[in-house]
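Close look at the chain arrangement
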Amino acid sequence: MGARRKLIVVSNRGPVTFDRDADGGRVVRRGGGGLVTALRSMVAMHDVTWIASAMTDEDQRVAEEADGGAIDETARDGSSYRLKLVVHEPTAYDWFYNVVANPTLWFLQHYLWNLAQAPNVDRGLHHAWEEGYVTVNAGFAEAVVAELEAEPGSPVFFHDYHLYLAPRFVRSRLTEAALSHFVHIPWPEPDYWRVLPEAIRRALHDGLLANDVVGFHTDHWRRNFLHSCADILGAECDFLDGTAEYDDRRIHATSRPISVDPGEFDQLAVSDAVRKREEELVAARPERLVLRVDRTDPSKNVVRGFRAFERFLTDHPEYHGRVAMLALLDPSRQDIPEYAEYLGAIQRTARVVNDRFQREGWTPIDLRIADDFPGSVAAYKQYDVLLVNAIFDGLNLVAKEAPLVNERDGVLVLSENAGAHEELSEWAVSVNPFDIAGQADAIHAALEMPAEERAARSRALQAHVREHDLAEWVEGQLADLDATAAPARP
């Protein structure tokens, strides 16, 4: 690992949130979301100031006590960092998050719309854009500018689809700032962006091109980004060099798949909480276990996964009573109608499959909807087949986390549209996420795979994730920024 650096990390969610316990005392809770989990390790490697939204009432009190400044916090591993919480007007944040960021941008970037019916771009979306997304991004930019004025030259790392406009606001104030933006979700082809009004789609691309570096998990998403910059903004793009010439500047588009911290998962796998959950799982597990661990997000394709398992059971009655699917699903964004409706579809489909096949002592789909990370890690250790069949995914960290700690030479069945497929396909069974019959066949192939081949694939997957870990990804982001023509770094 390189020398410690002063970094500014900017994301919608922060590494912690604050709340009150039953006695009225302030408590600190670990921030939610896979992105926060991944970025948290940056704190151990560098001197980080983390800028994030004040998500709770207690977050807002903390921000007010700091009078707009940062507070000192300590991570679970003892690493210290500075946390700056940005307070947004509640209505503006609601428009920003629940109208524009989710579901508009999320649905667009995951190809989730049925374009014959949705979206309907009305005045409500235009208003939420101007009074929500633009306003919240401007608030983030103000916080970044204040930090850069106090610590000139610190590299700024923006993250994800919530903050596409903030880099332009910062660049307009501090022209020599060193800015990088990592997009953790897919980047669709140019035509799909034309669903959005011209002013909005141009502003989104213009905001990203205010950075020095724009990063993606895969070459595929990076190429799509350059194509859309050329198509929508007229940027001059070099697809071999991965650069875009725009606004008298050269922007570098890179691809670096994020990873996990193997040491963290090694510790989790032997922790008391995980061991307890594993004992419970082993006591009740069937002969063979098919696992999926996801959020209840339409992009994760849970319903088709259940239907594929139903097709497998129909085609292979010899597995009745011997195999079950354990679905550990974290409820996601239930205040957004599309997500609430999809959760209902998940529950209905599981019921249909179970009503058709279950018998005394055997329930084909064990559906558990809860935020239970120790339970997920315990299941990671015990699966025989891991199903990751996302419609589209920027990467999908489950495809790396689970094989890392699995103890049964489990086989990864992986969607060809998950970003992780570009990196891990050599050792996975690939599936088309829309092909239910193909997924059923893949589950069968994984269960029938010879033990020697299962072991070889499992060992290779684990070795790859351990070699290409989160520390490598973090240092790669710094190297990409250092390689640009921006001013000298601190």
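Residues numbered from 1 in each chain as written. Predicted model: local features only at pLDDT ≥ 70, side-chain atom pairs only at ≥ 80, totals over all residues. Heavy atoms only, no water.

Description of the environment of proline 331
Residue placement: proline 331 occurs in the loop between β14 (323-330) and α13 (337-357). The spacing of proline 331 and valine 43 is 288 residues in sequence and 28 Å in space, taken between C-alpha atoms. If near-sequence neighbours (up to four positions away) are discounted, proline 331 is found in contact with Thr296, Ile369, Ala370 and Asp371. (Helix = DSSP H or I, 4+ residues; strand = E, 2+ residues; numbered from the N terminus. Contact = heavy atoms within 4.5 Å.)

Examining the sheet that holds strand β6 (residues 80-86)
Reading across the sheet, the 10 strands line up as β5-β6-β4-β1-β7-β8-β9-β12-β11-β10 and stay open at both edges, with mixed pairing between neighbours. The sheet is open, and its two edges are formed by β5 (71-74) and β10 (236-238), each paired on a single side. Each strand of the sheet is rotated relative to its neighbour by a mean of 25 degrees, with strand direction disregarded. Relative to strand β9 (residues 213-216), strand β8 (residues 179-182) is paired through three bridges, and the arrangement is parallel. Considered in β9, the bridge of serine 180 is made with valine 213. This element, helix α6 (residues 166-173), spans β7 (156-159), β8, β11 (243-246) and β12 (249-255) of the sheet and lies at about 180 degrees to β8. Across the sheet, helix α9 (residues 219-233) is in contact with β9, β10, β11 and β12; its angle to β12 comes to roughly 150 degrees. (Pairing = 2+ DSSP bridges. Axes fitted to C-alpha atoms, helices over the stretch in contact; angles between N-to-C directions.)

Considering the packing of aromatic side chains
By the definition in use, this model includes 19 aromatic pairs. Look at tyrosine 111 and phenylalanine 392: their rings are 4.6 Å apart centre to centre, the planes differ by 35 degrees, and that puts the pair in the tilted class. Of the two residues, tyrosine 111 is situated in the loop between α4 (90-109) and α5 (123-150) and phenylalanine 392 in the loop between β16 (385-388) and α15 (398-405); the sequence distance between them amounts to 281 residues. Residue tyrosine 111 is classed as partly exposed on the basis of its relative accessible area of 23%. Looking at phenylalanine 392, the relative accessible area reads 15%, which means it is buried. Here the guanidinium or amino end of arginine 322 rests over the ring plane of tyrosine 319, the centre of that ring lying 4.5 Å away. (Phe/Tyr/Trp six-rings, centres within 6.5 Å; stacked < 30°, edge-to-face > 60°. Buried < 20%, exposed > 50% of the residue type's maximum accessible area, 1.4 Å probe, protein only. Lys NZ or Arg CZ within 6 Å of the ring centre and 35° of its normal.)

With respect to the sheet that holds strand β13 (residues 288-295)
Pairing within the open sheet is parallel, and its six strands lie in the order β15-β14-β13-β16-β17-β18. With one partner strand each, in any of the chains shown, β15 (365-369) and β18 (429-431) form the two edges of the open sheet. Averaged over all adjacent pairs, the angle separating strand axes in this sheet is 20 degrees, with direction ignored. Taken together, the eight bridges between β13 and β14 define a ladder with parallel strand orientation. Looking at β14, one finds that aspartate 294 is bridged to leucine 329.

Structural notes on the environment of alanine 138
You can see alanine 138 is positioned in helix α5. Once the C-alpha coordinates of alanine 138 and arginine 168 are considered, the two residues, 30 residues apart in sequence, prove to be 9.4 Å apart.

Section: helix α19 (residues 470-482)
In this model α19 runs 19 Å from its N-terminal to its C-terminal C-alpha over 13 residues, within 8% of the 18 Å that 1.5 Å per residue would give. Here α19 has its buried residues at Leu470, Trp473, Val474, Gly476, Gln477, Leu478, Asp480 and Leu481. (Expected span 1.5 Å × (residues − 1).)

Some thoughts on unusual backbone geometry
In this model, asparagine 102 is joined to proline 103 through a cis peptide bond whose omega is 10 degrees. For proline 103, the position within the fold is in helix α4. Residue proline 119 is reached from alanine 118 by a cis peptide bond, and omega for that bond is 5 degrees. Considering the arrangement of structural elements, one finds proline 119 in the loop between α4 and α5. At tyrosine 111, a residue that is not glycine, the phi angle is positive and equals roughly 55 degrees. Positive phi, normally seen in glycine, also occurs at asparagine 396, with a value near 100 degrees. Structurally, the position occupied by asparagine 396 is in the loop between β16 and α15. Asparagine 396 sits in the buried class, given a relative accessible area of 8%.

A few points about the state of the cysteines
Applying the stated rule across the entire model yields zero disulfides. For the unlinked cysteine cysteine 237, the closest cysteine sulfur is that of cysteine 229, found at 5.6 Å. (Disulfide = S-S within 2.5 Å.)

Considerations on the nonpolar core
In a soluble, globular protein the nonpolar side chains are often hidden away together inside. In this structure, Tyr164, Leu204 and Phe225 are the most contacted members of the largest nonpolar core, which totals 65 residues. A per-element tally of this core places α5 first, with 12 residues. Setting aside chain neighbours within four positions, we find leucine 204 in contact with Leu105, Trp129, Tyr133, Tyr164, Leu165, Trp193 and Leu196. Judged by nonpolar contacts, the second largest core, of 62 residues, contains Leu85, Val260, Tyr383 and Ala402. (Core = buried A, V, L, I, M, F, W, Y, C linked by side-chain atoms within 4.5 Å.)

Considerations on the pattern of salt bridges
Applying the stated criterion across every chain yields a total of 37 salt bridges. Where arginine 454 meets aspartate 384, a salt bridge forms, and the shortest distance between an N and an O atom there is 3.9 Å. Linking arginine 454 in helix α18 (residues 451-467) with aspartate 384 in the loop between α14 (373-382) and β16, this pair joins segments that are 70 residues apart in sequence. On the accessibility criterion, arginine 454 (6% relative accessible area) is buried. (Salt bridge = Lys/Arg side-chain N within 4 Å of Asp/Glu carboxyl O.)

Focus: the pairing of β13
Where a strand is regular, its side chains alternate between the two sheet faces. Across the eight residues of β13, seven count as buried, placing the element largely inside the fold. Taken together, β13, helix α12 (residues 302-315) and β14 constitute a β-α-β crossover, and its handedness is right-handed. The sheet contact formed by β13 and β16 spans two bridges and is parallel. Bridge pairing in β16 places valine 290 opposite valine 385. (Right-handed = clockwise from strand over helix to strand, strands pointing away.)

Geometric values such as these leave the question of function open.
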